Amino acid sequence: MADRSLRGIRLGASSLQSEEGVVFHERANHTYVCTQCGRETTLTFAADAEVPEAWECRTCGAEAVRRVGDTVIEVDHSADKAPRTHWDMLMERRTVPELEELLEERLALLRARRGADDEVRLSA
């Protein structure tokens, strides 16, 4: 028979593992201050982790910057790339004259199809 019985234990309520012999990684707390609402948030990271300069505020969703001592770190956004739009990607592949030519071809095709549909309706 089993060494111990599992009768009467609620599944998922508690762990049967112990923390005996477990070595926890060193941790460090870092404080972030929201640029909009001013709320302070303290987050815990591993001591050797690369800590981000900015974090999203839990209250308003704006950017919160890390505070070191009594000063707030300045975040450099100069390297941030603006998101490309569909128009930007299209202009990488085609020129404006090519797009105008394609537009005229499609319009001619639609006009021809519309004329054929009109003829079918008139004959019916």
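Everything quoted here is computed from the prediction, not taken from an experiment. (Residues numbered from 1 in each chain as written. Predicted model: local features only at pLDDT ≥ 70, side-chain atom pairs only at ≥ 80, totals over all residues. Heavy atoms only, no water.)

K.L.:
So what about the pattern of salt bridges? Which residues, and what values?
P.N.:
A complete count under the given rule lists two salt bridges for this structure. A salt bridge links Glu40 to Arg67, with the nearest nitrogen and oxygen atoms 2.5 Å apart. Within this pair, whereas Glu40 is found in strand β2 (residues 40-46), its partner Arg67 is found in strand β4 (residues 63-68), the two being separated by 27 residues in sequence. Between Glu92 and Arg84 there is a salt bridge whose closest N-O contact spans 3.1 Å. (Salt bridge = Lys/Arg side-chain N within 4 Å of Asp/Glu carboxyl O. Helix = DSSP H or I, 4+ residues; strand = E, 2+ residues; numbered from the N terminus.)

K.L.:
Which residues make up the pairing of β4, and what values go with them?
P.N.:
Sheet topology note: the strand β1 (residues 27-34)/β4 ladder contains four bridges and is antiparallel. Residue pairing across strands places Cys34 opposite Ala64, the latter belonging to β4. Looking at chain direction, strand β3 (residues 54-56) and β4 are connected through three bridges and run antiparallel. Counted as the bridge partner of Trp55 is Ala64 from β4. Hairpin connection between β3 and β4: a loop of six residues separates the two successive antiparallel strands, and Gly61 in this loop has a positive phi of roughly 85°. Where β4 folds back on strand β5 (residues 71-72), the antiparallel hairpin that results is connected by two residues, among which Gly69 adopts a positive phi of roughly 70°. (Pairing = 2+ DSSP bridges.)

K.L.:
Residue-level account of the side chain of Arg66, with values.
P.N.:
Looking at the secondary structure, you find Arg66 in strand β4. Put simply, Arg66 is tucked away with no salt bridge, and the nearest opposite charge, on Glu53, sits 6.0 Å away. Setting aside chain neighbours within four positions, we find Arg66 in contact with His30, Thr31, Tyr32, Val51, Pro52, Glu53, Thr71, Val72 and Ile73. (Buried < 20%, exposed > 50% of the residue type's maximum accessible area, 1.4 Å probe, protein only. Lys, Arg positive; Asp, Glu negative; His and termini not counted. Contact = heavy atoms within 4.5 Å.)

K.L.:
Can you explain the nonpolar core? Please cite residues and give values.
P.N.:
By size, the foremost hydrophobic cluster in this structure holds eight residues: Tyr32, Cys34, Leu43, Phe45, Val51, Cys57, Ala62 and Ala64. Every element with two or more residues in this core is listed here: β1 and β2. Residues within four places of Val51 in sequence aside, it is in contact with His30, Tyr32, Phe45 and Arg66. (Core = buried A, V, L, I, M, F, W, Y, C linked by side-chain atoms within 4.5 Å.)

K.L.:
Quick one: what's the story with the packing of aromatic side chains, residue by residue and with numbers?
P.N.:
In this structure the tally under the stated criterion is two aromatic pairs. Measuring from ring centre to ring centre gives 6.1 Å for Tyr32 and Trp55, while their planes differ by 40°; the resulting arrangement is tilted. With Tyr32 in strand β1 and Trp55 in strand β3, the pair connects residues that are 23 residues apart, well separated along the chain. Overall, Tyr32 belongs to the buried group, its relative accessible area being 1%. Overall, the relative accessible area of 35% leaves Trp55 in the partly exposed class. When the ring of Phe45 is compared with that of Trp55, the centres are 5.7 Å apart and the planes differ by 80°; the resulting orientation is edge-to-face. Of this pair, Phe45 sits in strand β2 while Trp55 sits in strand β3, and the two are 10 residues apart along the sequence. Within the aromatic cluster, the residues linked to one another by ring pairs are Tyr32, Phe45 and Trp55. (Phe/Tyr/Trp six-rings, centres within 6.5 Å; stacked < 30°, edge-to-face > 60°.)

K.L.:
Describe the environment of Gly69, naming the residues involved and giving the relevant values.
P.N.:
Relative to the helices and strands, Gly69 resides in the loop between β4 and β5. Distance from Gly69 to Thr31, taken between C-alpha atoms, is 9.3 Å for residues 38 residues apart in sequence.

None of this, on its own, says anything about what the molecule does.
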